[in-house]
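# Structure assessment
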Amino acid sequence: MTCAWAPWETGPIPAPLASGPVLEVNLQAIVDNHRTLRRRFTGTAVTAVIKSDAYGLGAQPVAQALAKAGCGTFWVNDLIEALALRPAVPKATIYALQGLGVDAVEGFRAAGVIPVLAGLAEVERAAEAARHAGAALPVAIQLDTGLGRLGLPAGEVERLIAAPELTDGLDIRCWVSHLAAFDRPEDPLNDRQRALFEAWTARLPPAALSLAASACVFRGPGWHFDLARAGSAHFGVQTSARWQPGLTAAYRLTAPVLRIVELPAGRTVGYRGVGRLVRPTRVATIDLGYANGLPPAVTRGGAARIGTHAVPFVGGASMSLTMLDVTDLPEGLVQVGTRCVVFDTDAPIEPVADRLGVAPNALLTQIAGTTPKLYRATTGPVVPDRCQPDRAATAAAVSS
Ligand SMILES: *Cc1c(COP(=O)(O)O)cnc(C)c1O
């Protein structure tokens, strides 16, 4: 069937946001990315990881947009995030990835939040509390197949296999594991983790299996299992050395020009004279700095964009101001108030993150977490669940 999609509106930034840096969040792109994931995924469901306030983009609006598109399961870090999310998606299944932590077991039950138990001690604590309450407690259990971060390591898995009564009282919804080298498909560690996950879960009580984060969805059915836990791909962030097609960046970072000035050759710009001008230069100062999550190193060799023109950074970044060399711009193109683009679909974060040697999400979470956001959404109809292509047809197409 055909679905109508309104394009991302690119109207002006409304007051009061117009006077400063803005991160526009394209909720339609997030929904489109979700549909891309569903078309590729051959398991039961693509669920959404919206931990850390949806990577900074805003857990509530993101979850609401995805829920309207038929996504009914969300993963956040902990009970605090789950409680904040709950009112936005009253009917959704919410998992807390970091397990019980120091929170009381019954707090999860009361909030209808499923903890992803992070070790055998948590399994025992949860089971004990469930038996005490006389009511089965829904949980997921994480297995540490190699990341060394959370989950039962091999020894604890063996103890659980030997004594399955340890889970009496628990309603195990899902076995979870997470790859340590998801960004490098060729890394043999991935295969070792998958083999362990399969071997262990074959000997544990039956429940849905969830290994895949975003990158695994694009690796093909052998990596899918039952539930995909996709974060990055929803936001159009590439998390694999192998290009993942069909994703649209859901963010656009822009900032207005505050001042334009002509400076002579030989002058320096920025703290400690870090930018030395080798020619007479028009310098535009923009309302954006490291307090908006822009790492100062981005400015070394980097550029923003005005219209279709690249404008190099000059003079480093300060807390809330950065300078651009706009000398080569056609006359009249840049004025006070002109918005320049730092990141968007044409200037995505991945190459910059590569250059800085950080994960793209390290950039996204810093920027999105600190910059005022404007949500853009289609005015068109709610995305019907029927837009999902026939799953059997997808599976056949993928495996053929
Ligand atoms: C963050 C996270 C995910 C989502 O990873 P993406 O690569 O962003 O899709 C999935 N599972 C766990 C356990 C995570 O911590």
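If you're wondering where the values come from, they're calculated on a predicted model, not measured in any experiment.

A separate point is the side chain of Asp344. Relative to the assigned elements, Asp344 resides in the loop between strand S17 (339-343) and helix H10 (349-356). Side chain to side chain, Asp344 and Arg305 meet in a polar contact 2.7 Å long. Within the structure, the side chain of Asp344 is placed 2.9 Å from the backbone nitrogen of Ala347, a separation counted as a polar contact. With residues up to four places along the chain from it excluded, the contact list for Asp344 reads Ala249, Tyr251, Arg252 and Arg305.

Moving on to helix H11 (residues 360-370). Burial in H11 covers these residues: Pro360, Asn361, Leu363, Leu364, Ile367 and Ala368. One face of H11 carries all of its buried residues, which in axial projection span an arc of 155°. Against strand S1 (22-26), helix H2 (51-55), strand S10 (251-263), S17, H10 and strand S18 (373-376) lie the buried residues of H11.

This brings us to unusual backbone geometry. Each neighbour pair has its own omega, and for Ala15 with Pro16 the value is 0°, a cis peptide bond. Mapping Pro16 onto the fold places it in the segment before S1. The backbone of Asp53 shows a phi angle near 55°, a positive value even though the residue is not glycine. The topology assignment puts Asp53 in helix H2. With a relative accessible area of 41%, Asp53 lands in the partly exposed category. Even without being glycine, Ala54 reaches a positive phi, approximately 50°. On the secondary structure map, Ala54 appears in helix H2.

This part is about the pattern of salt bridges. Under the criterion given, the structure shown has 12 salt bridges. We note a salt bridge from Arg252 to Glu24, for which the minimum N-O separation is 2.9 Å. Placement of the pair is Arg252 in strand S10 and Glu24 in strand S1, with a sequence separation of 228 residues. Grouping residues by exposure puts Arg252 and Glu24 together as buried. Several salt bridges converge on common partners, so that one network encompasses Glu24, Arg252 and Arg376.

Residues in contact with the ligand, as listed here, are Val49, Lys51, Tyr55, Leu97, Arg149, His178, Ala213, Ser214, Arg229, Ala230, Gly231 and Ser232. Here a nitrogen atom of the ligand and a side-chain polar atom of His178 are 3.4 Å apart. Notes on the ligand: free accessible area 390 Å², of which the protein chains cover 94%. Under a 2 Å grid-point criterion requiring more than half of the atoms, the pocket assigned to the ligand is the largest pocket. Every element with two or more residues in the shell around the ligand is listed here: H2 and strand S9 (227-230). Here the shell around the ligand is composed, by residue class, of five nonpolar, four polar and three charged.

Examined at the domain level, the protein chain breaks down into domain 1 (27-235 + 384-399) and domain 2 (251-347). Measuring from the centre of the C-alpha atoms in domain 1 to the corresponding centre in domain 2 gives 42 Å.

With that out of the way, let us pick up the packing of helix H1 (residues 27-40) against helix H3 (residues 59-68). The interhelical angle for the contact between H1 and H3, taken along N-to-C directions, is 50°, at an axis separation of 9 Å. Relative to H3, the element H1 is oriented oblique. H3 is crossed by H1, and the crossing has right-handed handedness. Along its contact with H1, which presents Leu27, Ile30, Val31 and His34, the element H3 presents Pro61, Val62, Ala65 and Leu66. Partitioned by chemical class, the residues of the contact of H1 with H3 number seven nonpolar, one polar and no charged.

Parameters and conventions
Residues numbered from 1 in each chain as written. Predicted model: local features only at pLDDT ≥ 70, side-chain atom pairs only at ≥ 80, totals over all residues. Heavy atoms only, no water. Helix = DSSP H or I, 4+ residues; strand = E, 2+ residues; numbered from the N terminus. Polar contact = N/O pair within 3.5 Å; in protein donor to acceptor, adjacent residues only side chain to side chain. Contact = heavy atoms within 4.5 Å. Buried < 20%, exposed > 50% of the residue type's maximum accessible area, 1.4 Å probe, protein only. Arc of directions from axis to C-beta. Salt bridge = Lys/Arg side-chain N within 4 Å of Asp/Glu carboxyl O. Near = heavy atom within 4 Å. Areas by Shrake-Rupley, 256 points an atom, 1.4 Å probe, with all protein chains shown as cover. 1 Å grid on protein atoms, 1.4 Å probe; cavity = no way out; pocket = protein on both sides within 12 Å on 5 of 7 lines; lining within 4 Å. Sits in = over half its atoms within 2 Å of the grid points. Nonpolar A, V, L, I, M, F, W, Y, C, P; charged D, E, K, R; others polar. Domains from an automatic or database assignment. Axes fitted to C-alpha atoms, helices over the stretch in contact; angles between N-to-C directions. Parallel < 35°, antiparallel > 145°, perpendicular 65-115°, else oblique. Left-handed = near helix turned anticlockwise from the far one by under 90°.

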